[in-house]
Amino acid sequence: LRNQFPVILEEDIDGGYVVTCPFFEGCYSQGDTIEEALKNIKEVILLCLEELRERRQKISFPKIGLHLVEVGE
């Protein structure tokens, strides 16, 4: 079974990229390139999943949405 998780990728002001997975608290990584950041977050997600397995906890899927809001005139 293949698991897919949403991630948020942001360009870091100091260079490189920061990527987070909102499904797991403290699940983030970084990389010099987008590809490296995405590769690194996969490793961190696997560690988070392994920790859940060890604790015999199930993944809870929070409801996450992306909304655009208009501000100003």
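Note: the structure precedes this text.
Summary of the structure given here. (Residues numbered from 1 in each chain as written. Predicted model: local features only at pLDDT ≥ 70, side-chain atom pairs only at ≥ 80, totals over all residues. Heavy atoms only, no water.)

## What to know about the environment of Gly15
So, point 1. Turning to its location among the elements, Gly15 is positioned in the loop between β1 (8–11) and β2 (17–20).
So, point 2. Overall, the relative accessible area of 43% leaves Gly15 in the partly exposed class.
So, point 3. C-alpha separation for the pair Gly15 and Tyr28, spaced 13 residues apart in sequence, amounts to 16 Å. (Helix = DSSP H or I, 4+ residues; strand = E, 2+ residues; numbered from the N terminus. Buried < 20%, exposed > 50% of the residue type's maximum accessible area, 1.4 Å probe, protein only.)

## Some thoughts on the pattern of salt bridges
Oppositely charged side chains may form a pair once their charged atoms are brought near each other.
So, point 1. A complete count under the given rule lists 3 salt bridges for this structure.
So, point 2. Between Lys39 and Glu43 there is a salt bridge whose closest N-O contact spans 3.3 Å. Highlighted residues: Lys39 and Glu43, both in helix α1 (residues 34–55), separated by 4 residues, approximately one helical turn.
So, point 3. In this structure Glu43 comes out as partly exposed when scored by relative accessible area, which is 41%.
So, point 4. Between Arg55 and Glu51 there is a salt bridge, and its shortest N-O distance comes to 2.8 Å. Here Glu51 and Arg55 lie together in helix α1, a separation of 4 residues that amounts to about one turn. (Salt bridge = Lys/Arg side-chain N within 4 Å of Asp/Glu carboxyl O.)

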